[in-house]
Amino acid sequence: MIEVKDLTKRYGSKTAVDHLTFEVHPGRVTGFLGPNGAGKSTTMRVILGLDAPTGGGTTIKGRPYATLRKPLRQVGSLLDAKGTHGGRSAYNHLLWMSQSNGIARSRVDEVLEMVGLAEVASRRTRGFSLGMGQRLGIASALLGDPEVLLLDEPVNGLDTEGIRWIRDLMKRLAKEGRTVLLSSHLMGEMELTADHLVVIGQGRLIADTSMRTFIEKNSQATTVVRSPEIDKLGAALERAGGQIRRDARGSWEVTGPSAATIGDVATAQGVALHELTPRLSSLEDVYTQMTKSSVEYRGATGANGSSASTENGA
Amino acid sequence: MSKVLIRDERPLAMGQVDGSRRREFTEVLIAEWTKFRTVRSNLWTLVAAAVLMPILSVFVGLTGSLQPDDTILGGSLTGATVAQMVAAALGVLVMTSEYGGKMIHTTFTAIPSRGRVLAAKALLISGLLFVTAFVFSLAAFGLGTVLLSSEDYATGELWPALFGIGLCFSASGILGLAIGTFLRNSAGAVTAVLGLLLLPTLFGPLFGDLQRWVTGGTPTAALERLTQTSDATPEVVGTIGAWPSLWLMCAYCLGALLLAAVQLKRRDA
């Protein structure tokens, strides 16, 4: 069990985490969701004792991480950065880690086998692909057979097969009664893996709920529409009960009527459609909707990085 | 909790604590040794520090490029000052190499006690450097005595200077480690530590009355005094004797290490 209590972390004048409180329970995969810069990695670094909190605190099984003895046997972690030295082989990386926590050397071969890196174990990690690096990170996390796992963006850089492997692994570990906290900014992936969700934006808690409840409460059917005569179409759609919102790319998101209805309305009005795309990933929409409320976040979610400055300049 | 996923000959009970603090420190020390020996650049740097002394001893011996008032020991250890700088650079790298790929995160999640990590690194690097300096300056002196005539030059006192020379290298490594901990960046920390080693002996007189405490406390000055080279003039190495100079330097380096430990604990990793 991981506890985050009233956690605040400031770097200079920038507040990365703002009075955040949540708990992560064993036996299920908890997804830690938030856009880039929301404070997920910061929270995880504080939980692992790497960064000191400005206020509040975090515990694992009731104790601050720094007071754990042989922590790798209790908590496995994977952070966003690589965490290896490029000149050292995968085997030797895991070897020193096992030695530091009194873990049997045979376990190094076991985890290398488990993540599929046994063949390249003696190769220096500098030449590893992003996916291989992630697998090595997973191997380090599993090294001490820990009861608690914290993984920051573990599917980053993995191919489809790798993503499925992580998903199954996380579910299995949770089923074994372990506590699994998994961060991601990818909604679609989370929808398939997590049982419970902790959503943050700008360092603040937005939601702490089961995945099922989250989807049921927040699902909305939306359709992306592009048309040269959007004003004419828009008026007709609003009469049909649709809510219309312009998105950052200049197309329109219509909530309410189905794609078929929108197409019929367009035909009836004699308006050409350039795009008519039903949005299937409801979680993603909800998430965008939820996190949109923060000005800073909206800047960061524009079509590209420059939209933030454009907005500021306008 | 089921053990389906992991079959270990020796099951690890959760939260199990075995052994004393000493045993845990030994584990950290072994882990640090593994880290050290499994990166080639560390080994090459150590080799460079080692062989510089015999190589320059042979060079000096063959060319006979000694001052008339020089000793064979001093001439044989012409390379010692440069080797010492390499030793300091090695001390830097032992810490800064952890910051490249954020390996320090892995280190501190495996070993949350940062003081313990720094202490293990300090013990490891100082031990390695002491042994290396001891063995290879002895070898350099051996080569020097073969190549240089004891009729032309005084031999110089090998004992107990050799122990002091070993300590000089250890202390330089620890100074490098401390600077590396402060700056966390290889290039910057190597530059800084070389500056600390060189500048006081170059600009000693500028310090006025403080010179004996500044210049006399630098690792280079202590080393030059111990090697009994004719270069060790008071203007360059200060006016306090070889051994007081050595102890002063050791105190400075340990002081730097303590400050580094405080900094390491206070700062976010």
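As the structure is a prediction and not an experimental result, all values here were calculated from the model.

Calculation criteria
Residue positions within a chain follow its written sequence, with the count starting from 1. Note on labels: chains are lettered from A, ligands numbered from 1, in written order. Totals for whole chains, interfaces and linings use every residue, but because this is a predicted model, local features are given only for residues with pLDDT of at least 70 and side-chain atom pairs only at 80 or more, for both listing and counting. Under the DSSP-based scheme used, a helix requires at least four consecutive residues in state H or I and a strand at least two consecutive residues in state E, with every element numbered from the N terminus. Residue burial is a threshold on neighbouring C-beta atoms within 10 Å of the residue's own C-beta, all placed from the backbone, with 20 or more meaning buried, 12 or fewer meaning exposed, and counts in between meaning partly exposed. Each residue is represented by a C-beta atom placed from its backbone, and any two residues with such atoms within 7 Å are regarded as in contact. Two strands are counted as paired when DSSP detects at least two bridges linking them. Axis angles are defined between N-to-C directions and span 0 to 180 degrees, where every axis is a line fitted to C-alpha atoms and, for a helix, only to the segment in contact. In the scheme used here, Gly and all other residues not listed as nonpolar or charged are polar, with Ala, Val, Leu, Ile, Met, Phe, Trp, Tyr, Cys and Pro taken as nonpolar and Asp, Glu, Lys and Arg as charged. Oblique is the label for any angle not under 35 degrees, not over 145, and not in the 65 to 115 range, which are roughly parallel, roughly antiparallel and roughly perpendicular in turn. Helix crossings are classified by the rotation of the near helix relative to the far one: an anticlockwise turn of less than a right angle makes the crossing left-handed, while a clockwise turn makes it right-handed.

**Details of the overall build of chain A**
Counting secondary structure elements, chain A contains twelve helices and 13 strands. When burial is assessed residue by residue, chain A has 44% of its 314 residues classed as buried. Of the contacts formed within chain A by residues at least 6 apart in sequence, a portion of 69% connects residues at least 24 apart.

**Looking at helix H3 (residues 106–115) of chain A**
Residue and element names in this part refer to chain A. When H3 is considered as a whole, its buried residues turn out to be Arg-107, Val-108, Glu-110, Val-111, Leu-112 and Val-115. Of the surrounding elements, those touching the buried residues of H3 are helix H2 (90–100) and helix H4 (130–142). Gly-116 occupies a position one or two residues after H3 and carries a positive phi of about 80 degrees.

**Things to note about the environment of B:Lys265**
All names here are of chain B. Secondary-structure assignment places Lys-265 in helix H12 (residues 242–266). Sequence separation between Lys-265 and Ser-113 is 152 residues, and the spatial gap between their C-alpha atoms is 8.5 Å. If sequence neighbours within four positions are ignored, Lys-265 has contacts with Arg-114 and Gly-115.

**Re the sheet that holds strand E7 (residues 179–184) of chain A**
Residue and element names in this part refer to chain A. An order of E5-E6-E7-E3-E8-E9 is seen for the six strands of this open sheet, with the pairing classed as mixed. The strands lining the two open edges of the sheet, one partner per strand, are strand E5 (75–78) and strand E9 (204–210). Each adjacent strand pair in this sheet contributes to an overall mean axis angle of 15 degrees, direction not counted. Here five bridges tie strand E3 (residues 29–33) to E7, and the two strands are oriented parallel to one another. Bridging across to E7, Val-29 finds its partner in Val-180. Here helix H5 (residues 160–175) sits on the sheet and contacts E3, strand E6 (148–152) and E7; the angle it forms with E7, its principal contact strand, is near 150 degrees.

**Comments concerning the sheet that holds strand E10 (residues 222–226) of chain A**
Residues and elements named next belong to chain A. Taking strand neighbours across the sheet as the criterion, the four strands line up as E11-E12-E10-E13 in an open arrangement whose pairing is antiparallel. Each edge of the open sheet carries a strand with a single partner, namely strand E11 (243–246) and strand E13 (275–279). This sheet shows a mean twist of 25 degrees between the axes of neighbouring strands, independent of strand direction. When E10 meets strand E12 (residues 252–255), the two strands line up antiparallel, connected through four bridges. The partner of Thr-222 across the bridge, within E12, is Thr-255. On the sheet, helix H9 (residues 259–269) packs against E10, E12 and E13 and is oriented at approximately 160 degrees with respect to E13.

**Here's the deal with unusual backbone geometry**
Residue and element names in this part refer to chain B. With an omega of 0 degrees, the peptide bond running from Trp-159 to Pro-160 counts as cis. Its location among the elements puts Pro-160 in the loop between helix H6 (114–147) and helix H7 (161–183). A positive phi is found at Lys-102, a non-glycine position, where the angle reads about 60 degrees. Mapping Lys-102 onto the fold places it in the loop between helix H4 (80–100) and helix H5 (103–110). Positive phi outside glycine occurs at Arg-184, with the angle close to 60 degrees. Along the polypeptide, Arg-184 turns up in the loop between H7 and helix H8 (186–203).

**Overview of the interface of chain A and chain B**
Taken together, the contacts link 43 residues of chain A with 37 residues of chain B. Counting residues per element, the ones that place at least two in the side of chain A that touches chain B are H2, H3 and H5 of chain A. Broken down by element, the residue count for the side of chain A that touches chain B peaks at six residues, all from H2(A). Classifying every residue of the side of chain A that touches chain B gives 15 nonpolar, 18 polar and ten charged.

**A short note on the packing of helix H8 (residues 230–239) of chain A against H9(A)**
All names here are of chain A. Interaxial distance between H8 and H9 falls to 10 Å at its minimum, and their mutual angle equals 125 degrees. What the angle tells us is that H8 and H9 run oblique. Note that H8 runs across H9; the crossing there is right-handed. Contacts between H8 and H9 involve Lys-232, Leu-233, Ala-236 and Leu-237 from the former and Ile-262, Val-265, Ala-266 and Gln-269 from the latter. A per-class count over the contact of H8 with H9 returns six nonpolar, one polar and one charged.

**Quick notes on the environment of A:Ile206**
All names here are of chain A. Summarising the element assignment, Ile-206 is placed in strand E9. A tally of 19 C-beta atoms within 10 Å means that Ile-206 is categorised as partly exposed. Linking Ile-206 and Leu-33, residues 173 residues apart in sequence, is a C-alpha distance of 9.6 Å.

**Brief notes about helix H10 (residues 219–227) of chain B**
Residue and element names in this part refer to chain B. Of all nine residues that make up H10, nine are buried, and the element is covered over most of its length. Within H10 the residues assigned to the buried category are Pro-219, Thr-220, Ala-221, Ala-222, Leu-223, Glu-224, Arg-225, Leu-226 and Thr-227. Looking at the buried residues of H10, the elements they touch are helix H3 (72–76), H4, H7, H8, helix H11 (234–237) and H12.

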